[in-house]
Amino acid sequence: MGKNYESRYASSPAEVKQMNTAQLREAFLIEKVFAADQINWVHTHYDRYLTGGAMPVKGAMKLEVIDLLKADYFLERRELGMINVGGDGIVEADGVKYEIAFKEALYIGKGTKEVTFHSKDAANPAKFYLNSTPAHHTYPTKKVSKNEAEIVTLGALETSNHRTINKLLVNSVLETCQLQMGMTELKPGSVWNTMPAHTHDRRMEVYFYFEVPEAQSVCHFMGQPQETRHIWMQNEQAVISPPWSVHSGAGTSNYTFIWGMAGENLDYGDMDHCKINELR
C-alpha cells in the first residue's frame, strides 16, 4: 500500500504556444492514474486541483495526507469526489460504509478524518477516480447513482457527437463548495465530445477518458480557440485543462469520459462558446 504525488505549476497561453509535443504532454497529460494498491495524485496550481486514482487489490487502502497539503489529515481543508470506473467497491468515511458500483459517485465533505477504499473482488478491483479541491464549508457526504443524476442528451449521430451527460456531483444534485463532477457517454458511431467547444475563465477542468477500446485512442484538443494544440490519449488517462483553454476531443471509437471542475462559479451552463468554423 502506498501513495504517490507530483505537483505541476500553471502555464500561461504564451508558454503553451512555445511547447513541443513532449513538453505539452509533461505539463498537462496524466498518463498513469491507477496502479494496484496505490493512490496516485497529480496536483495542479490551477485552482489547486488534485486528480488521482485509488485501486485497492490486496486489502483496504487508507486515504493518507500528502506533504503538499500541510494538514493533519487529507480532508481537513478539502472536499473529495469520486466515481468508480472498476469493479464493485466500498468506501468507508468516518465509520459509515458506502457501496459504490461501476459508474456510481460519492462526495465526501470537508472535515472527514478517515477514508478507506475496499474492493469486493480482488480479481475485479474497484477503481476510484478521485478529484479534490479546497473547501471552505462542510457539506454532507452523499452517494449519487446514475438514476439520481441530472441527465441530458445532446448532439446527433449526423454530427458524430450524440452523447449522454450524467451530472453526478453538481449543485443541482447536491451541495459542494466548488467541486463538480460528471460523466459523458458517447453513443456508438459518435466520437466528438464538448463540441461546439468552449472556454470558461471562471473554472478550470480535468478530463479522464475511459472505456476507450483496445488499440483505439482519443485526440484531446486544448489551447486558445485561435491557437489550439492536441494531445493523443489512451484508455484511463487524464488531462488538465486551464481556464483559458478549450477542452474537447475526438476518438477513433466512441468512449466515456469524466469531467471535473473547480473555480468560483458553480453554474454548469457558464460557457464562452467558440464557433466550430472559427477554431484554428
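From a predicted model like this one, the values you see are computed outputs, not experimental measurements.

### Considering the sheet that holds strand β14 (residues 163-169)
One open sheet holds the seven strands; their spatial order is β2-β21-β18-β23-β15-β14-β13, and the pairing between them is antiparallel. This sheet does not close on itself; its edge strands, each paired only once, are β2 (29-30) and β13 (150-154). With six bridges joining them, β14 and strand β15 (residues 180-186) adopt antiparallel strand pairing. The partner of Lys167 across the bridge, within β15, is Gly182.

### Some points on the nonpolar core
In terms of nonpolar packing, the biggest core is built from 53 residues, with Phe28, Tyr129, Phe208, Tyr209 and Ile258 touching the most fellow members. Counting residues per element, this core draws most heavily on strand β18 (residues 203-210), which supplies six residues. Residues contacting Ile258, with those up to four places away along its chain left out, are Ile83, Val85, Tyr129, Met181, Gly182, Met183, Val206, Tyr207, Phe208 and Phe210. One finds Ala54, Ala71, Ala126 and Phe128 within the second-largest nonpolar core, a separate group that totals 24 residues.

### Quick look at the UniProt feature "binding site: Zn(2+)" (unreviewed entry) in the protein
Cross-referencing UniProt, the feature "binding site: Zn(2+)" (unreviewed entry) maps to His198, His200, Glu205 and His247 in the present numbering. Look at the named residues: they lie 50 residues apart in sequence, but the longest C-alpha span between them is just 11.7 Å, so in the fold they bunch up. With respect to the element layout, Glu205 can be found in strand β18. Once residues within four sequence positions are removed from consideration, Glu205 is found in contact with His200, Val239, Ile240, Ser241, His247, Trp259, Gly260 and Met261. A polar contact of 3.0 Å, which involves the side chain of Glu205, links it to the side chain of His200.

### Topic: the pairing of strand β9 (residues 105-108)
Going residue by residue along β9, you find Ala105 and Tyr107 tucked away on one face and Leu106 and Ile108 tucked away on the opposite face as well. Summarising the sheet, strand β6 (residues 78-84) and β9 pair through four bridges and their orientation is antiparallel. Directly across from Met82, in β9, lies its bridge partner Leu106. Pairing of β9 with strand β12 (residues 142-144) involves three bridges; the strand directions are antiparallel. If you follow Leu106 over to β12, its bridge partner there is Lys143.

### Quick word on the side chain of Thr164
Counting through the fold element by element, Thr164 comes out in strand β14. A polar side-chain atom of Thr164 sits 3.2 Å from a polar atom in the side chain of Lys187. Ignoring sequence-local partners within four residues, the contact set of Thr164 consists of Ile151, Val152, Thr153, Met183, Thr184, Glu185 and Lys187.

### Here's the deal with the sheet that holds strand β11 (residues 128-134)
Pairing is mixed across the open sheet formed by seven strands, whose spatial order is β1-β3-β4-β11-β6-β9-β12. Looking at the sheet topology across the chains shown, the edges are occupied by β1 (2-8) and β12. Neighbouring strand axes in the sheet, compared pairwise and without regard to direction, differ in orientation by 15° on average. Two strands pair when backbone bridges link them, and β1 and strand β3 (residues 38-44) are joined in this way by seven bridges, in the parallel orientation. From the neighbouring strand, Asn4 faces β3, where its bridge partner is Asn40.

### Some thoughts on the pairing of strand β7 (residues 89-93)
Where burial is concerned, most of β7 is hidden: four out of the five residues are buried. The pairing of β7 with strand β8 (residues 96-100) spans five bridges and is classified as antiparallel. Among the inter-strand pairings, Gly89 is bridged to a residue of β8, identified as Ile100. Across five bridges, the pairing between β7 and strand β10 (residues 115-119) is antiparallel.

### Details of the packing of aromatic side chains
For any two aromatic rings, the description comes down to two numbers: the centre-to-centre distance and the angle of the planes. Scanning all chains against the criterion turns up 11 aromatic pairs. A ring pair is formed by Phe208 and Phe210, whose centres lie 5.7 Å apart and whose planes are at 25°; its orientation type is stacked. Aromatic rings pair up to connect Phe34, Tyr129, Phe208 and Phe210 into one cluster.

### Focus: helix α2 (residues 21-28)
Residues of α2 that are buried: Leu24, Ala27 and Phe28. Projection of α2 onto a plane perpendicular to its axis shows the buried side chains occupying an angular sector of 75°, all on one side. For α2, the exposed residues set more than 90 degrees away from the buried face come down to Ala22 and Glu26. Lining the buried residues of α2 we find β1, α1 (13-17), β2, β19 (218-224), β20 (227-233) and β21 (237-241).

Calculation notes
Within each chain, residues carry numbers counting from 1 in the order of the written sequence. Since the coordinates come from a predicted model, pLDDT governs what is reported: local features require at least 70, and pairs of side-chain atoms require 80 or more to be given and counted, while whole-chain, interface and lining totals use all residues. Note: side-chain values were computed over all heavy atoms of the structure, leaving out hydrogens and water. At least two DSSP bridges between two strands are required for those strands to pair. Only DSSP runs of H or I reaching four residues or more are called helices, and only runs of E reaching two or more are called strands; each is numbered from the N terminus. Here, the term nonpolar core denotes a set of buried Ala, Val, Leu, Ile, Met, Phe, Trp, Tyr and Cys residues that are joined through side-chain atoms within 4.5 Å. The rule is simple: take the accessible area with a 1.4 Å probe, protein chains only, and divide by the maximum for that residue type; under 20% is buried, over 50% is exposed, in between is partly exposed. Whether two residues touch is decided by their heavy atoms; if any such pair falls within 4.5 Å, the residues are in contact. UniProt positions are given in the numbering used here, feature names are shortened, and annotations may be inferred rather than shown by experiment. Two N or O atoms form a polar contact when they lie within 3.5 Å of each other; inside protein one atom must be a possible hydrogen donor and the other a possible acceptor, and for residues adjacent in sequence the pair counts only when both atoms belong to side chains. Axis geometry follows a simple rule: fit a line to the C-alpha atoms, using only the stretch in contact for helices, then measure angles between N-to-C directions, giving values from 0 to 180 degrees. Between rings of Phe, Tyr and Trp, where Trp is taken as its six-membered ring, a pair exists when centres lie within 6.5 Å; planes separated by under 30 degrees are stacked, by over 60 edge-to-face, and by other angles tilted. Directions from the helix axis toward the C-beta atoms define the arc.

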